[in-house]
Amino acid sequence: MGAIFRIEGITKVYRTGDVEVHALRGVDLKIEAGEFLVLLGPSGSGKSTLVNIVGALDAPTEGRIYFGDDELTGRNDAALTRFRRNHVGFVFQFYNLVPSLTARENVALVTEIAPNPMEPGEALELAGLDVSRHDHFPAQLSGGEQQRVAIARAIAKRPEVLLCDEPTGALDSKTGVRVLEALDTVNSELGTTTLVITHNVSIGGMAHRVIQFGDGRVTDIRTNAKRIRPSEISW
Amino acid sequence: MRMLDRKLVRELWRLRAQVFSIALLVAAGVATLVLGVATYQSLFETREAYYDRSRFADVFAQASRAPEHALGAIERIPGVAMAESRIVDRAILDLEDMIEPGSAQLVSVPDHGEPLLNTLYMRAGALPDPTQPDQVVVNEGFARVHGLDLGDSFGAILNGQRRDLRIVGIALSPEFIYSLAPGALMPDDRRFAIVWMSRRALAAAFDLEGAFSSVTARLLPGALEADVIDRIDDILASYGGLGAHGRDGQQSNVFLDAELQQLQGSSAVLPPIFLFIAAFLVNLTLSRLIALEREQIGLMKALGYSSLAVAWHYLKFVLAIGAIGVIIGFGAGSWLGRELANLYSQYFHFPYLIFRVDTSVYLLAATATMAAASLGAAKAVWGVVRLSPSVAMQPAAPPRYRRGFATGLASRFSQATVMIIRNIVRWPLRAVFTMLGMALAVSVLVASMFAYDAIDHMIDLTYYKAERQDASIVLNLPRPEGALFDIERLPGIMAAEPVRAIPVELANGHLTRRVAIDGRHRDATLSQLVDEDGRWVPLPETGLVLSDWLARTLELQVGDLARMQTLDGRAITAEIPVTAIVRSYVGSAVYMDLGELNRIMGDGPLIGGANIRLDPTLENELFARIKQSPAIVGVSLQSLAREALRETMDENILLMTGVFAILASIIAFGVIYNSARIQLSERGRELASLRVLGFTKAEVSWILLAELALLTLLALPVGWLIGFGLAAAMAIGFETELFRIPLIVERSTYAMASLIVLAAALGSALIVRRRVGRLDLIEVLKTRE
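Residues numbered from 1 in each chain as written. Chains lettered and ligands numbered in written order. Predicted model: local features only at pLDDT ≥ 70, side-chain atom pairs only at ≥ 80, totals over all residues. Heavy atoms only, no water.

Caption draft 1: Structural view of the packing of helix α7 (residues 251–291) of chain B against helix α9 (residues 307–347) of chain B. Residues and elements named next belong to chain B. At a closest axis distance of 12 Å, the pairing of α7 and α9 adopts a crossing angle of 160 degrees. Judged by the inter-axis angle, α7 sits roughly antiparallel to α9. Between α7 and α9 lies a crossing of right-handed hand. Of the residues in α9, those in contact with L263, L286, L289 and I290 of α7 are Y314, F317, V318, I321 and Y344. Of the residues contributing to the contact of α7 with α9, the split by class is nine nonpolar, no polar and no charged. (Axes fitted to C-alpha atoms, helices over the stretch in contact; angles between N-to-C directions. Helix = DSSP H or I, 4+ residues; strand = E, 2+ residues; numbered from the N terminus. Parallel < 35°, antiparallel > 145°, perpendicular 65-115°, else oblique. Left-handed = near helix turned anticlockwise from the far one by under 90°. Contact = heavy atoms within 4.5 Å. Nonpolar A, V, L, I, M, F, W, Y, C, P; charged D, E, K, R; others polar.)

Laid out in structure tokens, this is it:
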């Protein structure tokens, strides 16, 4: 398999109020198709910014990014939207479900606009949500369940890449492991390239590679000779 | 159903309280426009249809005694479709339930068959039998006020002879939709009747066999009315013709015109303003409501929905709210419009009502509100979709507050108060708009309610400052000044001042107006001229005094020469300078010194009647004497005239403005409730955090509500100012030949408008206060920001 993403000299500067924040100070990275990557690093080290740029939620200030052979940088909003719609799945720390839609409907929200989606029920099962919970509203689901709905929503379109920002950040260890198992299943069964941002060093053990961030730069890349299973992780 | 649509439906349901209150705002704006226009249009259409179906004449003329062959000449005038002669005269009525004498207009109906023109709409009974000279038909208003029915009789003095007239029919007539006694400003069904008798009976009573005293004609389409009028005047000149006139000189029609014009005025000024205000508020509210959806918008974009799809989703959301409002507004507006039109058609004595509204009104109302709602949504959605999704999904960056003037205050006020002030200063535009929204609510209330003040002032000025006599006596024909002594000798008369009214056509260039010149002594005190503030204005020795309305209509100013021609059959002409202009709210009065007027008339010192002051204890005796006195054809009591004016005003203006005031209250509540609710949503997290930090519910509520309270208080004076402006526009809209509404807004009206808005604010505050109590504190700790 070749590189699914090529990232070349990416920088990102934010202006928040009067403050100028250098979120990324030059990042180069190649991501292979089907890879499970864990991105580690302290808050503000640039992990989320990079993932947002990879997922076309945000544009870099400088540098280039390629999806396969296609350059993403410099494309207009419509093209980026199309890219997200067809190729990228997101999982957020706080699930970001639409509160007025049930679990199944939250997934259907995406399958409706994707070109080759799976059935919402199938995606929910793959993400490990009990069938009896499929027609519950977010407010009726636990945090772990909500996160599994979010994963189902992200994978239902059969994306090439799944981007997860602190997927277990708001969950306890036991629930978090079940979410990680769902991600692992998706990665191995669908071959979806998966990027997981976390503060939790132990999660790095289940990755193919662990990317260490610090101060807007990649400070270390470690390849795991042997991957551990999610069930072996706890925190 | 697509997921986004499902979300839409559920969101509408979740926000139902707000959705409903915004929809109500829309509904109030739409309903006002629809009901205003519907009422006016329906009545206008009904009048047209009624005039047409009853063949209401186009031209009217009176003469002393015209031979029947003159009718043939009139029928042959080019442009005349048909003409009908008749006998019209007056009678004094002697009614059992009235101590004072009444008067009647007698109108003949043909001996065989129905009238050709101005057909009667029979409410009951039939036309009189020509062989029974005492059979009459009376107008419905008169019959109703006196409780008269078929078979009842009443006394009348016809040409000096007392008769008992028996009612065989009760009818409505297009000619007397309003029946005004000669010289009266207001219709009065109690004192004044229309009595239809057979031609034969009237001819016998007034010695007019083979002759007529009135002719009416209907014109062919395209006929030149002015030409026909000239020709009729020529024909009748030698028979004591009093000058023919079109519908614009027909009293009932003029009055109805004025009423419709006032109705149009009230429906032309306020409703568009209501609609505009509602649209503005909906725009404001929805844009803030959608700005709250920032994170959801970001999420949808992250999931791959295009900006357009997201925008369309929210557009549908606001369109749904707008549609709910428009539907309620259409329903309520049509229903209220129909009810109001029905009520008015009863006031106007229309035999039926044709309810009609142009679809364009619905279209206009719907388009305006939908556009305003869409723009509000578009503004907000655009603000969010422009952001990259990663930014949109984050809560907005903390706003940049400045240590401006609040810095100095900080030492003196609590942190909570400083928060309030900084919040206002940070979003001055939002504060201004919220304030403006409430100010507009105040202003529509002021504009709806000012009419009450204005009418009070109008009545006070007209009847307590200017026309202060207790009654006016009208003589059957001008009599030498000595007749005044006869009047003074009647029982109960404490003072009498002579008057003489001459019907004239007053002209300035091509502008003409039929009015009556009111001649009186310069030292008269019972009925006097006053300025706007009710201060006495002396009657100039020479020249004409015009009411401001008439001066404006004829474009005359002090010093200009007005041309007059009498309409008493003699057609005396003169050019008279305008020497003063006075304020008058009722009618189009023209005044002149009686001596000067008599000099112009050239028939010596005559009087036509008198204004009198009465000893109330001797009223009955006086009325009994007047009933027996053939020289007196009318007595009008000021107290009754005042009531009649008040009633007319109630019907014309207060009914409509009352409805507007209710709708304005709804708007006031809608604005404030939504401001408070959105404020709570926008700052819910911040406020809940304060609760977590240990602030009490009361303290947190204070932060939220004090800002609204401050803005409400600021809104009041601004609202008064805008309200005064709207009231001025309405006063102009109400202006007609018959009445003008002075622009008087009492403090009590400002106070009432303010109280209603404050009550709405208090109610909203209480609802929001309850919600503050239910803020989810755990949620705040659990989620980010």
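Caption draft 2: Local environment of the interface of chain A and chain B. Across the boundary between the two partners, chain A contributes 29 residues, which contact 27 residues of chain B. At the boundary of chain A with chain B, total buried surface from both sides reaches about 2,500 Å², with 58% on carbon and sulfur atoms. Where chain A meets chain B, there are three salt bridges. Those elements giving two or more residues to the side of chain A that touches chain B turn out to be α2 (77–87) and α3 (103–111) of chain A. (Buried area = accessible area lost by both parts, 1.4 Å probe. Salt bridge = Lys/Arg side-chain N within 4 Å of Asp/Glu carboxyl O.)

Caption draft 3: Up close: the environment of V168(B). All names here are of chain B. One can find V168 in strand β8 (residues 161–172). Between the C-alpha atoms of V168 and E596, which are 428 residues apart in sequence, the distance is 48 Å. With residues near it in sequence (within four places) discarded, V168 still touches A124, G125, A126, L127, P128, Q135, V136, V137 and L150.

Caption draft 4: Quick peek at the packing of aromatic side chains. Inspection of every chain in the model, using the stated rule, returns 15 aromatic pairs over all chains. Between Y178(B) and F255(B), the aromatic rings sit 4.4 Å apart at their centres with planes inclined by 55 degrees, giving tilted as the arrangement. Of this pair, Y178(B) sits in the loop between β8 and β9 (192–198) while F255(B) sits in helix α7; the two residues are 77 residues apart in sequence, bridging distant segments of the chain. Classification of Y178(B) as buried rests on a relative accessible area of 6%. Residue class for F255(B) comes out buried when judged on its relative accessible area of 0%. Pairwise contacts between aromatic rings join Y50(B), Y121(B), F350(B) and Y352(B) into one cluster. A cation over a ring is seen here: R6(A) above Y66(A), with NZ or CZ 4.3 Å from the ring centre. The ring of W13(B) has R16(B) sitting right over it, with the charged end atom 4.3 Å from the ring centre. (Phe/Tyr/Trp six-rings, centres within 6.5 Å; stacked < 30°, edge-to-face > 60°. Buried < 20%, exposed > 50% of the residue type's maximum accessible area, 1.4 Å probe, protein only. Lys NZ or Arg CZ within 6 Å of the ring centre and 35° of its normal.)

Caption draft 5: View of the side chain of S42(B). Residue and element names in this part refer to chain B. Checked against the element boundaries, S42 lands in helix α2 (residues 16–53). Reaching out from S42, the side chain makes a polar contact with the backbone oxygen of A38 at a distance of 2.7 Å. A polar contact is formed between the side chain of S42 and the backbone nitrogen of R356, at a distance of 3.0 Å. When neighbours within four sequence positions are excluded, S42 is seen to be in contact with A341, L353, I354, F355 and R356. (Polar contact = N/O pair within 3.5 Å; in protein donor to acceptor, adjacent residues only side chain to side chain.)

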